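The primary structure of each chain is shown beneath.
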Amino acid sequence: QVQLVESGGGLVQAGGSLRLSCAASGRTFSMYAWVRQAPRKEREFVAAISWSGGNTYYAPSVKGRFSISRDKAENTVYLQMNSLKPEDTAVYYCAASNSGPYYRLSEYNYWGQGTQVTVSS
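Residues numbered from 1 in each chain as written. Predicted model: local features only at pLDDT ≥ 70, side-chain atom pairs only at ≥ 80, totals over all residues. Heavy atoms only, no water.

**Topic: the nonpolar core**
Stage number 1. The biggest cluster of nonpolar side chains holds 37 residues, and the ones touching the most others in it are Tyr32, Trp34, Leu79, Met81 and Tyr92.
Stage number 2. Only strand 3 (18-25), strand 4 (31-37), strand 5 (44-50), strand 7 (66-71), strand 8 (76-81), strand 9 (90-97) and strand 11 (115-120) provide two or more residues apiece to this core.
Stage number 3. Aside from chain neighbours lying at most four places away, what touches Met81 is Gly16, Ser17, Leu18, Leu20, Arg65, Phe66, Tyr92 and Val117. (Core = buried A, V, L, I, M, F, W, Y, C linked by side-chain atoms within 4.5 Å. Buried < 20%, exposed > 50% of the residue type's maximum accessible area, 1.4 Å probe, protein only. Helix = DSSP H or I, 4+ residues; strand = E, 2+ residues; numbered from the N terminus. Contact = heavy atoms within 4.5 Å.)

Written out as structure tokens, the structure reads:
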């Protein structure tokens with residue numbers, strides 16, 4: 001069965017860095033994404049990567065600061081977050097989809113449990 005397990009969240013000061021991991025099991029999907037949800041806000045697309053080609057896509061708010069990658073041998077998707085801001089505070093979810101487009105959250109069929117990222121000022 002398909003399972004996505006996030007890890008790596010925590011508390012970091014503004015300007016710092018964190019790397020999130022998404023361990024995937026079960027079958028491989030064509031697209032993986034990181035999506036975040038801050039308290040009292042709707043879910044927000046952060047980044048996506050195609051499994052085969054490694055093509056990446058980013059929300060404008062994180063472009064240049066965040067980097068999504070995948071290790072095919074480890075079946076793991078990563079999100080390297082640099083220059084973190086308090087506005088990045090949210091629960092970060094890993095999601096998988098075999099349909100598109102990448103930015104349409106309803107297309108993601110599987111979701112992890114989320115990992116909390118808190119950025120202090």
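**A short note on the state of the cysteines**
Stage number 1. Applying the stated criterion across every chain yields a total of one disulfide.
Stage number 2. In this model Cys22 forms its disulfide with Cys94; the gap between the sulfur atoms is 2.1 Å. Residues Cys22 and Cys94 share a disulfide whose torsion about the S-S bond is about -80°; that sign makes it left-handed. In this pair, Cys22 is assigned in strand 3 and Cys94 in strand 9, connecting sequence segments 72 residues apart. For the residue pair Cys22 and Cys94, the accessibility class agrees, reading buried in each case. (Disulfide = S-S within 2.5 Å.)

**A closer look at the environment of Gly10**
Stage number 1. In this fold, Gly10 is placed in strand 2 (residues 10-13).
Stage number 2. For the pair Gly10 and Lys72, spaced 62 residues apart in sequence, the C-alpha to C-alpha distance is 25 Å.
Stage number 3. Excluding residues that lie within four positions of it along the chain, Gly10 makes contacts with Leu18, Gln116, Val117 and Thr118.

**Comments concerning the environment of Gly16**
Stage number 1. Here Gly16 is to be found in the loop between strand 2 and strand 3.
Stage number 2. For the pair Gly16 and Leu84, spaced 68 residues apart in the sequence, the C-alpha separation amounts to 5.5 Å.
Stage number 3. Setting aside residues no more than four positions away along its own chain, Gly16 makes contact with Met81, Asn82, Ser83 and Leu84.

Note that every value here comes from positions in space, so none of it alone points to a role or purpose.
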